[in-house]
Amino acid sequence: MPIATMGVPRIGPRRELKSALESYWAGRTGAADLLATARLLRAENWRRQQALGITHIPSNDFSLYDQVLDTSVMVGAVPALYGWTGGPVPLETYFAMARGSQGRSGGGCAPAAGEGLPAQEMTKWFDTNYHFMVPEFEPGQRFQLASTKPVDEFLEAKELGIQTRPVLIGPVTYLLLGKSKDADLKPLSLLDGLLPVYAEVLRRLEAAGAGWVQIDEPCLALDLDDGARHALHRAYAALSAAAPGLELLVASYFGPLGDNLETALALPVAGLHLDLVRGAADLERALERLPDRLALSLGVIDGRNVWRADLPAILDRIGPVAERLRPERLLLAPSCSLLHVPVDSEGETGLDDELRGWLAFAVQKMAELATLGRALTEGREAVADALDAAARTVASRRTSPRIHDAAVAARLAAVTPEMARRLPYAERRPLQAARLGLPLFPTTTIGSFPQTDAVRKARAAHIKGTLSDQDYLAFLRRETEAAIRWQEAVDIDVLVHGEFERNDMVQYFGEQLAGYAFTRNGWVQSYGSRCVRPPVIFGDVSRPAPMTVDWAGYAQSLTDRPVKGMLTGPVTMLQWSFVRDDLPRATVCRQIALALRDEVVDLERAGIRAVQIDEPAIREGLPLRRADWAAYLAWAVECFRLSASGVRPETQIHTHMCYSEFNDIIEAIGAMDADVISIETSRSKMELLDAFTGYRYPNEIGPGVYDIHSPRVPCVEEMVALLVKARERLKPDQIWVNPDCGLKTRRWEEVKPALAAMVAAAKALRAIP
Ligand SMILES: CN1c2c(nc(N)[nH]c2=O)NC[C@@H]1CNc1ccc(C(=O)N[C@@H](CCC(=O)N[C@@H](CCC(=O)N[C@@H](CCC(=O)O)C(=O)O)C(=O)O)C(=O)O)cc1
Ligand SMILES: N[C@@H](CCS)C(=O)O
Ligand SMILES: [Zn+2]
């Protein structure tokens, strides 16, 4: 029984890739070291999969930064500003596209060749918390083979004696994810130019000895128009013909194929992967009309969540399929790449045995797949123990008293619509203005300040027990005080305490909420070298005690300027956690909203005049199909409002969203009714504001003027130019001045000049009539 993983975590079991990348970027090690670590990680991944019984082991699922960026580099879609003129794309160019570059001149407003370069735009990969680099197409875009990475990595594995199944992002998904500054350039119109490059890659893979090649087309889980469906047909007709010796497997995931099923089944390829976790209903419909030539890859193990699977139940479902199809027409797989789950739950010794037993990370999922494979080929008896254990685990979670809390259920049942309402914004506004006394174009930041080595080391030492509670607290107080003093000195209007006490904006709260568990090493790549440890919601959520009030109160005690309370919103807490699957997500979200509501009220009681409730994940939580949007947005907005509406009208509620595309959901954003929203806009050059203008968004908006994902320090003039654009689209008294997002990933050497320039830009704007 062929068994695939679709892709595996590449950051390394101990985040080895992160260390290697950051060391390379800091100039402590050279490219050779970085590439050697990458090679080792690939080899380890291949060997681990082989040992666990995976037969369709992926290659080219590895990336130094991002697989979409790899694809752009593979096809030579390198925008002119990066100065590439042909030949293999150098590593510096690759990383300049990923991260921007400061350049020899130390920045500046008009980057010339070799000087500070902006990074490519980054956005969320479908509805995941993984970020990809948005392909950018230029007018007259031509493609050429500029990297043979898929072939190189196939051969690398082959040298180790491992036959792999190379993974490519499909040409149609790739184009649909791309953008052009030229609004008339429709990415799919570039397909004919792109296909020869893909064809060449496939021919080279064929020549190198590849058999199966996995081509990911997750766009099949989206609403597609006829143009996109036609593009898929043309693409796979061309690609199948290009390398007839290969067996192409088109992979759809993250949702049901739904009305794209006919299109997918008609593609002239050898195999089709279905996400049967999110698209269970596809199976029967696919079997009814499955062409004889097509093998089915059954994505039965959840690649997006961490619960042990109910293996006997899965076998009940797929056993009959295995009897219907010839063995060579069936493959087993996770629903999608395992990139989105941590590596191994075995080491999670901080969790009690029962809870740890409920979890399956990538390694455990591979073992589950191998068990299913053996059950199908050798019979259930051959793996009876493993199946019994799986059934026991599932039953133990389902019936555990730990997952229910009667008080939470009672509170949820008592929620009234009034609890999600405040006075109208127009009435709140003067009350807040009187209380806060801010200038026009008030300046603020999004919450976090640099998580320096010293901060992380102190936290690590505190966790290890080598730094006492008292000393850790004193250290954090010093950091917070220094941040407050510095913000006052640079003349920021609404201050933040800096979030030095937080490991992560979700994990920090997860650690303090009942119903949540957190891991020690459950890292998942978020972008590039950056990782998160999504906490695990296993039971009813409640707040045993205030979570942030001491820190906010302490910071506020140091200054007369308003300090914003800083919370992560209910939708984001849900979206960036692994969520229990025995309750609707809306219910879990309401539980979190009520816990946060108490925190917001407590902050107000502690004298905090503005509270920011971050909701950067609200857009990515949007279902992939439009038909499902309204239902999601209704509960998502209600949950935000529930968390925000317990306070008096004069308390200003901020929210923050980064990397969001707002056009489609602007009414819902309006319905959240935050007094101020800060959004990411700098990489898109204020494009995003069009949504807010057309809708005549009445509340206040802070369009980000400083791209915090790049080490590049922006200058005053470019921020003024962005603000002038904002002023063309919004009323002056609506506009706040702030960065795109929090500054935790930056260094103080970057933050200080950038924020000083930002304040200067706001002052300059106040002086421009
Ligand atoms: C805003 N974003 C976030 C998303 N998702 C989240 N869950 N959180 C987010 O903030 N999604 C969208 C974006 C993505 N952006 C980012 C930005 C930055 C990071 C990031 O910096 N991640 C850190 C890890 C953060 C963390 O958990 N830190 C812990 C552990 C630190 C650590 O590694 N300690 C070492 C020892 C340290 C030493 O001795 O020097 C160890 O444990 O081995 C902490 O600070 O305590 C990262 O490093 O990648 C993520 C997403
Ligand atoms: N308050 C958070 C928001 C990140 S989206 C921060 O500043 O890091
Ligand atoms: Zn953000």
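Residues numbered from 1 in each chain as written. Chains lettered and ligands numbered in written order. Predicted model: local features only at pLDDT ≥ 70, side-chain atom pairs only at ≥ 80, totals over all residues. Heavy atoms only, no water.

1. Topic: the environment of threonine 37
Mapped onto the elements of the fold, threonine 37 is located in helix H2 (residues 31-51). Along the sequence, threonine 37 and aspartate 598 sit 561 residues apart, while their C-alpha atoms lie 47 Å from each other. When sequence neighbours within four positions are dropped, the list of residues in contact with threonine 37 reads Glu16 and Ala20. (Helix = DSSP H or I, 4+ residues; strand = E, 2+ residues; numbered from the N terminus. Contact = heavy atoms within 4.5 Å.)

2. Points about the coordination of the zinc ion (ligand 3)
Looking at the zinc ion (ligand 3), the protein donor atoms are His656 (NE2), Cys658 (SG) and Cys741 (SG), and they sit 2.1 to 2.3 Å from it. Between the 4 donor atoms coordinating the zinc ion (ligand 3), the angles at the centre fall across 103 to 121°, so the site counts as tetrahedral. (Donors = N, O, S within 2.8 Å, 3.2 Å for Na, K, Ca; no water. Tetrahedral: all angles 85-135°; square planar, octahedral: opposite > 155°, others 65-115°.)

3. A short note on the pattern of salt bridges
The full count for this structure, using the stated rule, is 59 salt bridges. Taking the shortest distance from any N to any O, the salt bridge between aspartate 259 and arginine 229 comes out at 3.4 Å. In this pair, aspartate 259 sits in the loop between strand E10 (247-251) and helix H9 (261-266) while arginine 229 sits in helix H8 (residues 226-242), placing the two residues 30 residues apart along the sequence. When its relative accessible area of 47% is taken as the criterion, aspartate 259 is described as partly exposed. (Salt bridge = Lys/Arg side-chain N within 4 Å of Asp/Glu carboxyl O. Buried < 20%, exposed > 50% of the residue type's maximum accessible area, 1.4 Å probe, protein only.)

4. Looking at the UniProt feature "binding site: L-methionine" (unreviewed entry) in the protein chain
Per the UniProt record, "binding site: L-methionine" (unreviewed entry) is annotated on Ile446, Gly447, Ser448, Glu499 and Asp614. Considering the C-alpha atoms alone, the annotated residues occupy 169 residues of sequence yet fold into one spot, their largest mutual distance being 13.0 Å. Excluding residues that lie within four positions of it along the chain, serine 448 makes contacts with Gly498, Glu499, Gly742, Leu743 and Lys744. Among the structural elements, aspartate 614 can be located in strand E20 (residues 610-614). Residue aspartate 614 is classed as buried on the basis of its relative accessible area of 5%. (UniProt positions renumbered as here; feature names shortened; annotations may be inferred.)

5. Brief notes about the site of ligand 2
In the region of ligand 2, 13 residues are neighbours, and Ile446, Ser448, Glu499, Asp614 and Gly742 sit closest. Between ligand 2 and isoleucine 446 there is a distance of 3.1 Å, counted from a nitrogen atom to a backbone nitrogen or oxygen. In the environment of ligand 2, an oxygen atom lies 2.7 Å from a nitrogen or oxygen atom belonging to the side chain of serine 448. For ligand 2, the protein covers 98% of the area, taking 270 Å² as the surface of the free molecule. Each residue belonging to the shell around ligand 2 can be placed in one class, and the counts come to 6 nonpolar, 4 polar and 3 charged. (Near = heavy atom within 4 Å. Polar contact = N/O pair within 3.5 Å; in protein donor to acceptor, adjacent residues only side chain to side chain. Areas by Shrake-Rupley, 256 points an atom, 1.4 Å probe, with all protein chains shown as cover. Nonpolar A, V, L, I, M, F, W, Y, C, P; charged D, E, K, R; others polar.)

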